Amino acid sequence: MRILSIGNSYSQDAHRYLHRLSVVAGETISTVNLYIGGCSLERHDQNLQTGEKAYLYIYNGEDTGLSVSLQDAVEHCTYDVVTLQQASHYSTDYSTYQPYLNRLFEYVKLHQPNARILIHETWAYEDKCQRMVDKFGYDSAERMYSGLHDAYTRAAVELGVELIPGGTAMQLAVRNGLTPIHRDTYHASLDYGRYLLAATWYMKLTGKRLDGVLLPSFDTDSPIDSDFYRIATRAAMEAVFGTR
């Protein structure tokens, strides 16, 4: 399976271990992330109009050092899956999604007619994150999650596509005691956060459960404890399948 994400650092967090996890789980997934830090749907749409080589080309979670345009990536390769997302700082405000999301969606459909297009749901910041308070006026991660989940669900429904429930998985893990799961109060932690996202993406895209997969035998950016690994795996399964 070959995946393209038109994203930012949040899709980088999701992709970081996805290829490695897929190999361990027995179904190899290759990933391409078009990376600009904090990139919004509006910025992606602007890049589509200009053709600027503004993206770092991240392959299987690793920086290749290449800079590419949206057209370079979308029009010159074939993908099984393409994902779209909003920047986290706009994620709760659906008015920031359109008309950019629709234009990107139509562009991807035109050039990748056989690809499965999904919306990548990003996640809430850590409780008491000052950025969350200042930007959104939210006093809790639960409130931010509720807002972004509503916006992403609306986007998926309007486009007639499915949601990769990364934000839901992160919030379920927090509710079940997996903290800290952020590394700077808003990006995913280098251990459980990134593993949890990879597990969520893997199960959503393949339809396969990971409850029979042992503690990852691949390298991670920070060690993973077996007890927290099990919490993360259960949270990902609940987000994707509605059950642990």
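Before any of the text, the structure's been laid out above.
Only a predicted model underlies this, so the values are computations on that prediction, with no experimental measurement involved.

Colleague: Looking at this structure, how should I read helix H7 (residues 141-159)?
Modeller: Each full turn of the α-helix corresponds to 3.6 residues, which orients residues three or four apart in the same direction. Here H7 spans 27 Å end to end across 19 residues, near enough to the 27 Å set by a 1.5 Å rise per residue. Where the residues of H7 are buried, they touch helix H5 (100-111), strand E6 (116-120), helix H6 (130-136), strand E7 (162-164) and helix H8 (166-175). Following H7 by one or two positions, Gly 160 has its phi on the positive side, about 75°.

Colleague: Looking at this structure, I do not really get the pairing of strand E5 (residues 81-84). What am I missing?
Modeller: Along any regular strand, the residues point their side chains to alternate faces of the sheet. Burial of E5 is two-sided: the residues Val 81 and Thr 83 facing one way and the residues Val 82 and Leu 84 facing the other way are all buried. With four bridges joining them, strand E1 (residues 2-6) and E5 adopt parallel strand pairing. Among the inter-strand pairings, Leu 4 is bridged to a residue of E5, identified as Val 82. One ladder, built from four bridges, connects E5 with E6; its direction is parallel. If you follow Val 81 over to E6, its bridge partner there is Arg 116. Assessed by its sense of winding, the connection that carries the chain from E5 through H5 to E6 is right-handed.

Colleague: Would you take a moment to explain the side chain of Asn 33 for this structure?
Modeller: With respect to the secondary-structure elements, Asn 33 resides in strand E2 (residues 30-35). Judged by its relative accessible area of 0%, Asn 33 is buried. Reaching out from Asn 33, the side chain makes a polar contact with the backbone oxygen of Asn 8 at a distance of 3.4 Å. Discounting residues that sit within four places of it in the chain, Asn 33 has contacts with Ser 5, Gly 7, Asn 8, Ser 11, Gln 12, His 15, Leu 56, Tyr 57 and Ile 58.

Colleague: Teacher, can you tell me more about helix H2 (residues 18-25) here?
Modeller: Taken residue by residue, H2 has Leu 18, His 19, Arg 20, Leu 21 and Ser 22 as its buried positions. Contacts made by the buried residues of H2 are with E1, helix H1 (9-15), E2, strand E4 (62-68) and helix H9 (192-206). Trailing H2 by a residue or two, Gly 26 shows a phi angle of about 95°, which is positive.

Colleague: For this particular structure, what's the right way to read the sheet that holds strand E3 (residues 55-59)?
Modeller: Strand pairing within a sheet occurs via backbone hydrogen bonds; the two strands may be parallel or antiparallel. Spatially, seven strands are ordered E4-E3-E2-E1-E5-E6-E7 in an open sheet, and the strand pairing comes out mixed. Every other strand in the sheet has two partners, leaving E4 and E7 as the edge strands with one partner each. With strand direction ignored, the average angle separating the axes of adjacent strands in the sheet is 30°. By the bridge criterion, five bridges tie E1 to E2 in an arrangement that is parallel. Bridged to Leu 4 within E2 is Val 32. Lying over the sheet, H9 contacts E1, E5, E6 and E7, oriented at roughly 155° with respect to E7.

Colleague: I'm lost on unusual backbone geometry in this one. Help?
Modeller: In most cases, non-glycine residues show a negative phi, while peptide bonds are predominantly trans. The amide bond that connects Gln 98 to the next residue, Pro 99, takes the cis arrangement and shows omega of 10°. Of note, Pro 99 is situated in the loop between E5 and H5. With an omega of -5°, the peptide bond running from Thr 179 to Pro 180 counts as cis. Locating Pro 180 in the fold gives a position in the loop between H8 and H9. For Asn 60, which is not a glycine, the phi torsion comes out positive at approximately 50°. Among the structural elements, Asn 60 can be located in the loop between E3 and E4. On the accessibility criterion, Asn 60 (12% relative accessible area) is buried. Despite not being glycine, Lys 128 has its phi angle at roughly 70°, a positive value.

Colleague: Sorry if this is basic, but what is going on with the nonpolar core here?
Modeller: One recurring pattern in soluble globular proteins: nonpolar side chains tend to sit buried together. With 84 residues, the main nonpolar core has Leu 4, Ile 6, Leu 34, Leu 70, Ile 119, Tyr 195 and Leu 196 as its most contacted residues. Of the residues forming this core, the biggest block, ten residues, is contributed by H9.

Colleague: For this particular structure, what's the right way to read the pattern of salt bridges?
Modeller: Opposite charge on two side chains lets them pair, provided their charged atoms get close. A complete count under the given rule lists 15 salt bridges for this structure. The closest approach of N and O atoms between Glu 142 and Arg 175, which form a salt bridge, is 2.8 Å. Pair noted here: Glu 142 is in helix H7 and Arg 175 is in helix H8, with a separation of 33 residues, a long-range link. Take Glu 142: its relative accessible area is 35%, and that puts it in the partly exposed class.

The rules behind each value
- Residues numbered from 1 in each chain as written.
- Predicted model: local features only at pLDDT ≥ 70, side-chain atom pairs only at ≥ 80, totals over all residues.
- Heavy atoms only, no water.
- Helix = DSSP H or I, 4+ residues; strand = E, 2+ residues; numbered from the N terminus.
- Expected span 1.5 Å × (residues − 1).
- Contact = heavy atoms within 4.5 Å.
- Buried < 20%, exposed > 50% of the residue type's maximum accessible area, 1.4 Å probe, protein only.
- Pairing = 2+ DSSP bridges.
- Right-handed = clockwise from strand over helix to strand, strands pointing away.
- Polar contact = N/O pair within 3.5 Å; in protein donor to acceptor, adjacent residues only side chain to side chain.
- Axes fitted to C-alpha atoms, helices over the stretch in contact; angles between N-to-C directions.
- Core = buried A, V, L, I, M, F, W, Y, C linked by side-chain atoms within 4.5 Å.
- Salt bridge = Lys/Arg side-chain N within 4 Å of Asp/Glu carboxyl O.

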